[in-house]
Amino acid sequence: MRRPSLRPTLRLRLTLLNGVLLVGAGVLLMLLAWLLVRDALRPTDELLPGTTVLLADGTSLDAAVWQQRMVAAASGELLAKGLAVLLAIGAVGVVGAYAVAGRALRPLQQVTATARRLGETTLDQRISYTGADDEVAELADTFDAMLDRIAAAFETQKRFVANASHELRTPLAVMRTEIDVTLSDDEADAAEYRRMATVVRDASERANGLVDALLVLARSEAQKGRRLGRRTECDLAAGTANALSAVRREVDRIKLDVRTSLEPAPVVGDPGLLDRLAGNLIENAIRYNHLHGRLWVRTGSDGQRSWLVVGNTGFEVDPAEVPGLFEPFRRGGRERTGARGSGLGLSIVRAVCDAHGGAVTAVAQPGGGLEVTVTLPAAEQVSIG
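All figures in this text were calculated on a predicted structure; none of them were measured in a lab.

Engineer: Account for the nonpolar core, naming residues and giving values.
Structural biologist: Within the largest apolar cluster, 39 residues are counted, with the highest numbers of intra-cluster contacts made by Leu277, Leu281, Ile286, Leu308, Val310 and Val374. Looking at this core, the elements that each hand over two or more residues are helix 6 (236–246), helix 8 (271–287), strand 6 (294–301), strand 7 (305–312), helix 9 (345–355), strand 8 (359–364) and strand 9 (370–377). Among all residues touching Val310, those that are not within four sequence positions of it are Leu281, Ile282, Ala285, Leu295, Trp296, Val297, Leu370, Glu371 and Val372. Of all hydrophobic cores here, the second largest spans five residues; its members include Val111, Ile127, Ala140 and Phe143.

In structure tokens, the structure reads:
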């Protein structure tokens, strides 16, 4: 939309304000000078009535009349010269204020120009203000920092979409390959078709699991910084016990040594998301464990915070890689393609913690494995209503 050529811009308003203040101050000073002159030019007040004064041209004039003429002439000259000086000072002040305001507001024009140029391919542009360390510099730095966050979020989103599309494409490619190969084999028998059906079923389950995980992640991140859609009091210990029961067969299969200490850990939040949090942590601890490994789970509360700790043995994790484990599609040093799981488990855990005002940390264990600690506000500290 085209803006009108004459509009009350900030630069114009600052210029007018400066001009009004400058002219107003000049008028007050001129008025004060005029009053001082009128009060000072009264020498005849101390003379006797009827006194005359002798002028330079040899004529005599009543002192009172002479004083009135002198005061009128001085006042007129003062007003005339004062108005001329006031107009000159006002004009110079307005022009100077316009120039100074333009220079001071130049970074704002840079902000506007940069914002107009921003796009998917120009998120690397910055204002890079180098002027005085004032409010304008603070605004420019804040805008640059905001652009850094937007660029990082945009890059993360692109990486997430690319990884998600890759993860979904892999099982679909497996299914299509198996179907094409089997259908092209004229000698395929029932056993071959049964094998193909099994592969397709496993691949579809993997794709379905990934879609479910993406939906949970999206739901959790949508709750961040907002009021949860469901807020009921629940116990992390109960959800953790249910999650352990659900994976009992897998625990027995790889013969894990499970140690639990499930003390009450009351919290307020979405039960479905909290159950998914506990389930993801325990499933990850089993998935990345080894035969005859260990798994330990603890819950508890101190009245201020409730916590859930899930630790496991397994392959070694570089401590420098631990923060990256909470990013989508990261599997702790394993290659993404072909690894078990979708790589969204800890991302969902972090999103659920953020949605509930909590935090999650992880520590690499000596000799291999990981210990993850989730802390959430205790139910006593949260209002349900």
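Engineer: Can you tell me about the pattern of salt bridges, naming the residues and giving the values?
Structural biologist: Oppositely charged side chains are able to pair whenever their charged atoms sit close together. Overall, the coordinates contain seven salt bridges when judged by the stated rule. Salt-bridge contacts for Arg195 lead to Glu192; the nearest nitrogen and oxygen are separated by 2.9 Å. In this pair, Arg195 and Glu192 both sit in helix 5 (residues 190–222), three residues apart, roughly one turn of the helix. Judged by relative accessible area, which is 25%, Glu192 ranks as partly exposed. In this structure, Arg276 engages Glu283 in a salt bridge whose closest nitrogen and oxygen atoms are separated by 3.0 Å. Taken together, the salt bridges that share partners define one network made up of Glu178, Glu192 and Arg195.

Engineer: Got a sec to walk through the packing of aromatic side chains? Specific residues and values, please.
Structural biologist: Inspection of the entire model under this criterion finds one aromatic pair. Look at Tyr288 and Phe315: their rings are 6.0 Å apart centre to centre, the planes differ by 80 degrees, and that puts the pair in the edge-to-face class. You can see Tyr288 sitting in the loop between helix 8 and strand 6 and its partner Phe315 sitting in the loop between strand 7 and helix 9, a full 27 residues away along the chain. Residue classification places Phe315 among the partly exposed positions, given a relative accessible area of 26%. A cation sits over an aromatic face here: Arg11 above Tyr98, 3.7 Å from the ring centre.

Engineer: Any details on helix 6? Residues and values, ideally.
Structural biologist: For helix 6, the full list of buried residues reads Leu236, Ala237, Gly239, Thr240, Ala243 and Leu244. Looking straight down helix 6, one finds its buried side chains confined to an arc of 165 degrees; they lie on one side. What points out from helix 6, more than 90 degrees from its buried face, is the exposed set Asn242, Ser245 and Ala246. The backbone nitrogen of Ala237 has a side-chain oxygen 2.9 Å away, supplied by the residue at the start of helix 6, namely Asp235.

Engineer: Could you give an account of the sheet that holds strand 9, with specific residues and numbers?
Structural biologist: Picture the strands of a sheet paired through backbone hydrogen bonds; they go either parallel or antiparallel. Judged by pairing direction, the sheet is mixed, and its five strands sit side by side in the order 4-6-7-9-8 without closing on themselves. One side of each edge strand has no neighbouring strand; the edge strands of this open sheet are strand 4 (257–262) and strand 8. Taking the axes of each pair of neighbouring strands and ignoring which way they run, one obtains an average angle of 10 degrees across the sheet. Inspection of the sheet shows strand 7 paired to strand 9 by eight bridges, in the antiparallel sense. The partner of Leu308 across the bridge, within strand 9, is Val374. Contacts from helix 8 reach strand 6, strand 7 and strand 9, with the element oriented near 20 degrees to strand 7. Lying over the sheet, helix 9 contacts strand 8 and strand 9, oriented at roughly 145 degrees with respect to strand 8.

Engineer: I'd like a description of the environment of Arg298, backed by residues and values.
Structural biologist: Looking at where Arg298 falls in the secondary structure, it is placed in strand 6. Considering only alpha carbons, one finds Arg298 and Ala265, 33 residues apart in sequence, at a separation of 9.9 Å. Apart from the residues lying within four places of it in its own chain, the contact partners of Arg298 are Ser261, Trp307, Leu308, Val309 and Glu371.

Engineer: Summarise the side chain of Thr182; cite the residues concerned and give the values.
Structural biologist: Looking at the element boundaries, Thr182 is found in helix 4 (residues 135–184). With relative accessibility at 1%, the residue Thr182 sits in the buried group. Within polar-contact distance, the side chain of Thr182 engages the backbone oxygen of Glu178 at 2.8 Å. Setting aside residues no more than four positions away along its own chain, Thr182 makes contact with Ala188, Glu192, Tyr193, Arg195 and Met196.

Engineer: Tell me what's going on with a negative patch on the surface, and back it up with residues and numbers.
Structural biologist: On the surface, Asp133, Glu135, Glu138 and Asp141 cluster together into a patch of negative charge. Position of Glu135 relative to the elements: it lies in helix 4.

Engineer: Give a detailed account of helix 2 (residues 63–104), specifying residues and quantitative values.
Structural biologist: Here helix 2 is 42 residues long and its end C-alpha atoms lie 58 Å apart, about the 62 Å a rise of 1.5 Å per residue gives. Among all positions of helix 2, only Ala63, Gln67, Val71, Ser75, Gly82, Leu86, Gly90, Gly93, Ala97, Ala101 and Gly102 are buried.

Engineer: Describe the pairing of strand 9, and please don't skip the residues or the numbers.
Structural biologist: Regular strands place their side chains on alternate faces of the sheet. Most of strand 9 is tucked away: six of the eight residues are buried. Sheet topology places strand 8 next to strand 9; six bridges connect them, and they run antiparallel. By the bridge assignment, Val363 is partnered in strand 9 with Glu371. Hairpin remark: strand 8 followed by strand 9, antiparallel, with five residues in the connecting loop; positive phi at Gly367, about 90 degrees.

Scoring rules and cut-offs
Each chain has its residues counted from 1, following the order in which its sequence is written. The predicted origin of the model limits local features to residues at a pLDDT of at least 70 and limits the giving and counting of side-chain atom pairs to 80 or more, whereas totals for whole chains, interfaces and linings rest on all residues. To obtain the side-chain values, all non-hydrogen atoms of the structure were included, while hydrogens and water were left out. We define a nonpolar core as any set of buried Ala, Val, Leu, Ile, Met, Phe, Trp, Tyr and Cys residues linked to one another through side-chain atoms lying within 4.5 Å. Only protein chains enter the area calculation, which uses a 1.4 Å probe; residues under 20% of their type maximum are buried, those over 50% are exposed, and those in between are partly exposed. Strands here mean DSSP runs of E at least two residues long; helices mean DSSP runs of H or I at least four residues long; both are numbered from the N terminus. Any two residues having at least one pair of non-hydrogen atoms within 4.5 Å are treated as being in contact. The salt bridge criterion pairs a side-chain nitrogen of Lys or Arg with a carboxyl oxygen of Asp or Glu, the two atoms within 4 Å. A pair of Phe, Tyr and Trp rings is counted when the ring centres sit within 6.5 Å of each other, with Trp represented by its six-membered ring. The angle between the planes then sorts it: under 30 degrees is stacked, over 60 is edge-to-face, the rest tilted. We count a charge as sitting over a ring when the NZ of a lysine or the CZ of an arginine lies within 6 Å of the ring centre and within 35 degrees of the ring normal. In this context, the arc is that of the directions from the helix axis out to the C-beta atoms. The term polar contact refers here to a pair of N or O atoms within 3.5 Å; inside protein, the definition further demands a hydrogen-donor-capable atom paired with an acceptor-capable atom, and it admits residues adjacent in sequence only when both atoms are side-chain atoms. A strand pair is defined by DSSP finding two or more bridges across the two strands. For every element, the axis is a line fit to its C-alpha atoms; helices are fit only across the contacting stretch, and the angle between N-to-C directions ranges from 0 to 180 degrees. Residues enter a patch when their relative accessible area is above 30% and they make no salt bridge; the linking distance is 9 Å between like charges and 5 Å between nonpolar side chains (Val, Leu, Ile, Met, Phe, Trp, Tyr). Where accessible areas are quoted, they stem from the Shrake-Rupley method and a 1.4 Å probe; at the residue level, only the protein chains shown are allowed to cover. Positive residues here are Lys and Arg, negative ones are Asp and Glu, while His and the chain termini are left out of the count. The atoms used to mark charge sites are NZ of Lys, CZ of Arg, CG of Asp and CD of Glu. The span you would expect from a helix comes to 1.5 Å times its residue count less one.

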